Amino acid sequence: MNMLNVGKIEEGFVLDHIKAGKSLSIYHHLQLDKLDCTVAIIKNARSNKMGKKDILKVECDINTLNLDVLAFIDHNITVNVIKDGKIVDKKELILPKEIRNVIKCRNPRCITSIEQELPHIFVLADEKKEIYRCKYCEEKAGKSASAW
Amino acid sequence: MRHLMNPLDFSVEELDKLFDLAEDIEADPAKYAHACTDRKLATCFYEPSTRTRLSFEAAMLNLGGQVLGFSDAGSSSASKGESVSDTIRVISCYADICAMRHPKEGAPMVAAERSRIPVINAGDGGHQHPTQTLTDLLTIRALKGRLGNFTIGLCGDLKFGRTVHSLINALIRYTDIHFIFISPPELKVPDYITDMLREKGITYEEVIRLEDSISQLDLLYMTRVQRERFFNEEDYVRLKDFYILNKEKMKSAKPDMLVLHPLPRVNEISVEVDDDPRAVYFKQAQYGVYVRMALILTLLNSAD
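Residue positions are counted from 1 within each chain, in the order its sequence is given. As a convention, the first chain written is A and the first ligand written is 1, with the rest following in written order. It should be noted that, the model being predicted, local features are given only for residues of pLDDT at least 70 and side-chain atom pairs only at 80 or more, the latter also being counted only at that level, while totals for whole chains, interfaces and linings use all residues.

## Details of the pairing of strand β8 (residues 131-134) of chain A
Residue and element names in this part refer to chain A. Just so we agree on the cut-off: Put plainly, a residue is buried at 20 or more neighbouring C-beta atoms within 10 Å of its own, exposed at 12 or fewer, and partly exposed in between, counting only other residues' C-beta atoms, which are placed from the backbone. Numbering of helices and strands starts at the N terminus; helices are DSSP runs of H or I of at least 4 residues and strands are runs of E of at least 2. A pair of strands is labelled paired if DSSP reports no fewer than 2 bridges between them.
Covered by surrounding structure in β8 are Tyr132 and Cys134 only, the residues Ile131 and Arg133 on the alternate face being uncovered. Pairing analysis gives 4 bridges linking strand β7 (residues 121-126) to β8, with the strands arranged antiparallel. What sits directly across from phenylalanine 122, in β8, is cysteine 134. Between the antiparallel neighbours β7 and β8 lie 4 residues, among them glutamate 130 with a positive phi of about 55°.

Pasting the structure below:
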């Protein structure tokens, strides 16, 4: 089978080991649609470790990446930082203590449901179980139906 | 500057200080009669709650302070679409401290984030009602002489009861407490609470009938079992009497067991129990005023 060939990037990052099918959701969460940069989305690539995986290659200033958002979505993703065409760093993802405007609180009784200008803030309530709760109403965050 | 959003906002040591102050107020109310002269409490009640609002207002008046506010959203600028953030910024110019009740969960926290004065959560939807929990704790401490080393029965709707969940969370910070949860199977205490108790090694039992456990209790915390919580009418009719406290059931209770209830009581405690010296739910309302007085003083001090 022929491998799909996507060109090397000079500066940016490669997000590897994304769960198959999740790359587009990450694309939106990282707001890559709003950045004027080259992005390659590779879906269902073969992986020894995962069977199938997605990969995102982004050519941009490495400081634009919001690692907190990425860690919240899936902290098993590998972040390769590229400079001058080479991997210069592999970043470990740590669950952020707080995420802001990444997911929306779905609780219809929450104050954020009626006051539109309020930020949607979730705080890490249980690190072991990776549970985030709305800062205001303490509703548990649902990662699957969580797109902003 | 401190606010009160959640009963756990205060450490056990801070609560001890607060309760010491409340008990001192109870012992010598005259000493505090002018403690808040020239201070104003704003009661911002976006939904009616006569009992809680009057308790706050009584507390401030007892301290020699003054009160202003509104008692439902219709009579506030919220009806014109003003946000909680804007309202509290304005209230901060009028008053020294604010007690806020709001039907939306987290609204008092939004207020606290923008406020220049201490904000007390006086109930936000089904989320938190911290001054009720402080009232419960003070009542237990004042009348039992301790917070810990007892068996407490929580009876009624343990699934949806906000006051019950808050009280459990507050009590587990003390030692040697054994919980007995008395409820119909439909209204059992949520799994996340029993999981947490197991994790922390705190002992508990779950029973269906109040008669089966009342003799073991040092404290009985009653709540209402609402008809609409049941799946069907037959179950309600079959089970409801298990959760009505009457003179007959009180005969099996210890002579020093205390009966608490957050009020309003409907029919879950028969009025014939009211004269029993162990029934302390009306005293509990009085302790609610003392604890709110202590809280107002403590938070005003934190802002000075």
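## Some words on the domain arrangement of chain B
Residues and elements named next belong to chain B. The line we're drawing: Residue ranges for the domains trace back to a domain assignment, done automatically or taken from a database. Contacts here follow a simple rule: the backbone-placed C-beta atoms of the two residues must lie within 7 Å.
Domain annotation for chain B reports domain 1 (7-128 + 288-303) and domain 2 (131-284). Inter-centroid distance (C-alpha atoms) of domain 1 to domain 2 is 27 Å. Taken together, the contact pairs 17 residues of domain 1 with 15 residues of domain 2. Counting residues per element, the ones that place at least two in the side of domain 1 that touches domain 2 are α1 (12-27), β4 (119-124) and α10 (281-303).

## A word on the packing of helix α3 (residues 84-94) of chain B against helix α4 (residues 107-114) of chain B
Residue and element names in this part refer to chain B. As a reminder, the rule being used: Orientation is described by lines fitted to C-alpha atoms, with helices fitted over the stretch in contact, and by angles between N-to-C directions that extend from 0 to 180 degrees. Oblique is the label for every angle not falling under 35 degrees (roughly parallel), over 145 degrees (roughly antiparallel), or within 65 to 115 degrees (roughly perpendicular). By convention, the crossing between two helices is left-handed when the near helix turns anticlockwise from the far helix through less than a right angle, and right-handed when the turn is clockwise. Polar here means any residue other than Ala, Val, Leu, Ile, Met, Phe, Trp, Tyr, Cys and Pro, which are nonpolar, and Asp, Glu, Lys and Arg, which are charged; Gly is therefore polar.
Close contact between α3 and α4 brings their axes to 8 Å; oriented N to C, the two are set at 50°. If you check the angle between α3 and α4, you find them oblique. For α3 against α4, the interelement crossing comes out right-handed. Contacts between α3 and α4 involve Val84, Ser85, Ile88 and Arg89 from the first element and Ala107, Val110, Ala111 and Arg114 from the second. Grouping the constituent residues of the contact of α3 with α4 by class yields 5 nonpolar, 1 polar and 2 charged.

## Structural notes on the nonpolar core
All names here are of chain B. Short version of the rule: A set of buried residues qualifies as a nonpolar core if it consists of Ala, Val, Leu, Ile, Met, Phe, Trp, Tyr and Cys joined through C-beta atoms within 7 Å.
One finds Cys98, Met293 and Ile296 to be the most contacted residues of the largest nonpolar core, which totals 113 residues. At 11 residues, α10 tops the list of elements feeding residues into this core. Not counting residues within four places of it along the chain, the set of residues in contact with methionine 293 comprises Ala22, Ile25, Tyr32, Ala59, Asn62 and Leu63.

## Quick word on the domain arrangement of chain A
The assigned domain composition of chain A is domain 1 (12-91) and domain 2 (98-134). With centres defined by C-alpha atoms, the gap from domain 1 of chain A to domain 2 of chain A works out at 24 Å.

## Regarding the sheet that holds β8(A)
Residue and element names in this part refer to chain A. The 3 strands lie next to each other as β6-β7-β8, forming an open sheet whose pairing is antiparallel. Two strands bound the open sheet, and with one partner strand each, they are β6 (98-100) and β8. Strand-to-strand twist of the sheet, defined as the mean angle between neighbouring strand axes without regard to direction, takes the value 30°.

## So, the sheet that holds strand β3 (residues 51-59) of chain A
Residue and element names in this part refer to chain A. Taken in spatial order, the 5 strands line up as β2-β3-β1-β4-β5 in an open sheet, and their pairing is antiparallel. With partners counted over all chains shown, the strands left at the sheet margins are β2 (38-47) and β5 (86-91), one partner each. In this sheet, adjacent strand axes meet at a mean angle of 20° when their direction is disregarded. Direction of pairing for strand β4 (residues 78-83) relative to β5: antiparallel, over a ladder of 5 bridges.

## Side note on α3(B)
Residues and elements named next belong to chain B. We apply this condition: Working note: the arc is built from the helix axis to C-beta atom directions.
When α3 is considered as a whole, its buried residues turn out to be Val84, Thr87, Ile88 and Ile91. Down the axis of α3, the buried side of the element spans an arc of 95°, and every buried residue falls inside it. The outward face of α3, more than 90 degrees from its buried face, is lined by the exposed residues Val90 and Cys93.

## Remarks on the interface of chain B and chain A
Taken together, the contact pairs 11 residues of chain B with 10 residues of chain A. Class assignment for the residues of the side of chain B that touches chain A results in 4 nonpolar, 5 polar and 2 charged.

## Focus on the environment of Gly21(A)
Here Gly21(A) is to be found in the loop between β1 (12-19) and α1 (23-29). Separated by 32 residues in the primary sequence, Gly21(A) and Lys53(A) have C-alpha atoms spaced 7.6 Å apart.

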